Amino acid sequence: MSKNSVFIYSDAFQTYKFHDRHPFNQLRVKLTYDLLQTVGALHDSQIVAPRLATDEELALVHDMDYIEAVKKAGKGLLSEEIAINYGLGTEDTPIFPNMHEASALLVGGTLTAVDYVLSGKAEHALSLGGGLHHGFRGKASGFCIYNDSSVAIKYMQEKYGVRVLYVDTDAHHGDGVQWTFYDDPNVCTFSIHETGRYLFPGTGNVNERGQGKGYGYSFNIPVDAFTEDESWLSAYKDALIEIADFFRPDVILTQNGVDAHYYDPLTHLCATMRIYREIPKLAHQIAHQYCNGRWIAVGGGGYDIWRVVPRAWALLWLEMTEQSDISGPLPKEWIARWQQYAPVSLPLEWDDPDDLYPPIPRKAEITEKNAQTVMKALQPIRSNKQRLNL
């Protein structure tokens, strides 16, 4: 029997843990899961356990030598010199026990979501353990060991033969996914992120458009530091509507990093909870307009795990399940349960106050600069439309 939406979850997502002080903390997934259950918006019948991705599935994107290196590293059998060549044992991606198994579970969660949607068991699927978009074919990068979205897209192509629109709203550029499909006209990648002038990974320029047969299928909107809600949403909506109409995908895969928020400690943007209400609305609309409802969503960045991530990711699920009218106070029992562990005061409301941060003095300049970036990003689509009209 078909379910409309499924939530891929296991407490074992917590095993992807570098160390206690590392900014990437999967407790945020459990916090989101508990918030949704507390408000009665997530039911046991909607929860699906992830599976482990097989080596063959990982090898759709990653080199087998790299996979073997990850296995050895997780068992303490990889030398420091060799590990560094694979991006392992760095400050960003320290080695931890059983890292292969923990990483393969995150990939397997995304593949579980794919199979539910593309086999018709569900219209939509959410796996918040995924969204590790920086991983490369033979190297870990930016907290990401395996790249679950890249593996999932290759898997969708091979098993289901679909054209995929990948939408990345993380504050960091979705570089690993972009470069994997840079020459593939059947995968369209769109990343809106903070400019790489100040932020890792330093890529995602507006002129990165693809190569070979894939030229014209890669879109980037690097917004200026200190971008606020209105400018961010204008760029996102204007671009995604045109890109979706241009590409007309069979399925949409969205990466939902929530590190554009003002509170995030690793980025320099000034978004509030408002954008996290709007981001999934448009993705949902496009899924039904072009993809017969087929929408797979994963997590991503988000390093204020207490004040931002649970609310933002809960709003994603609430939109996916058509319960997005929720507002007002967060449940007191959820706050009481987690405040004792939090180093900051937990928010009391679903939405942020209007005075969350002081006024940005360059607002008009930033807004204009972002609008020009959108025009540059969409110029190939618009030029082609003009030629066709002639």
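In the block above lies the structure referred to throughout.
Residues numbered from 1 in each chain as written. Predicted model: local features only at pLDDT ≥ 70, side-chain atom pairs only at ≥ 80, totals over all residues. Heavy atoms only, no water.

A. Representation of the pairing of strand β3 (residues 122-127) within the structure. Here β3 lies mainly inside the structure; five of its six residues are buried. One ladder, built from four bridges, connects strand β1 (residues 3-8) with β3; its direction is parallel. Directly across from S5, in β3, lies its bridge partner H124. Bridging between β3 and strand β8 (residues 295-298) involves four bridges; their strand directions are parallel. Residue pairing across strands places L126 opposite A297, the latter belonging to β8. (Buried < 20%, exposed > 50% of the residue type's maximum accessible area, 1.4 Å probe, protein only. Helix = DSSP H or I, 4+ residues; strand = E, 2+ residues; numbered from the N terminus. Pairing = 2+ DSSP bridges.)

B. Structural detail: the nonpolar core. Formed by 127 residues in total, the largest nonpolar core has its most connected members in M156, F190 and Y236. If one sorts the elements of this core by residue count, helix α5 (residues 99-118) sits on top with 12 residues. Y236 has contacts with V167, T169, F190, I192, E278, I279, L282 and A283, leaving out every residue within four places of it along the chain. (Core = buried A, V, L, I, M, F, W, Y, C linked by side-chain atoms within 4.5 Å. Contact = heavy atoms within 4.5 Å.)

C. Region of the structure containing the state of the cysteines. Taken as a whole and assessed by the stated rule, the structure comprises zero disulfides. C291 takes part in no disulfide bond, and the closest cysteine sulfur to it belongs to C188, at a distance of 11 Å. Residue classification places C291 among the buried positions, given a relative accessible area of 0%. (Disulfide = S-S within 2.5 Å.)

D. Focus on the sheet that holds β3. The eight strands are arranged β2-β1-β3-β8-β7-β4-β5-β6 in an open sheet whose pairing can be described as parallel. At either end of the open sheet lies a strand with only one pairing partner, and these are β2 (47-48) and β6 (218-223). Both strand β7 (residues 251-255) and β8 contribute to a ladder of four bridges, which runs parallel. Paired with Q255 across the two strands is V298, which belongs to β8. The sheet contacts of α5 involve β1, β2, β3, β7 and β8, and relative to β3 the element is tilted by about 170°. Docked against the sheet, helix α8 (residues 229-247) engages β4 (164-168), β5 (187-194) and β6, running at close to 175° with respect to β5. (Axes fitted to C-alpha atoms, helices over the stretch in contact; angles between N-to-C directions.)

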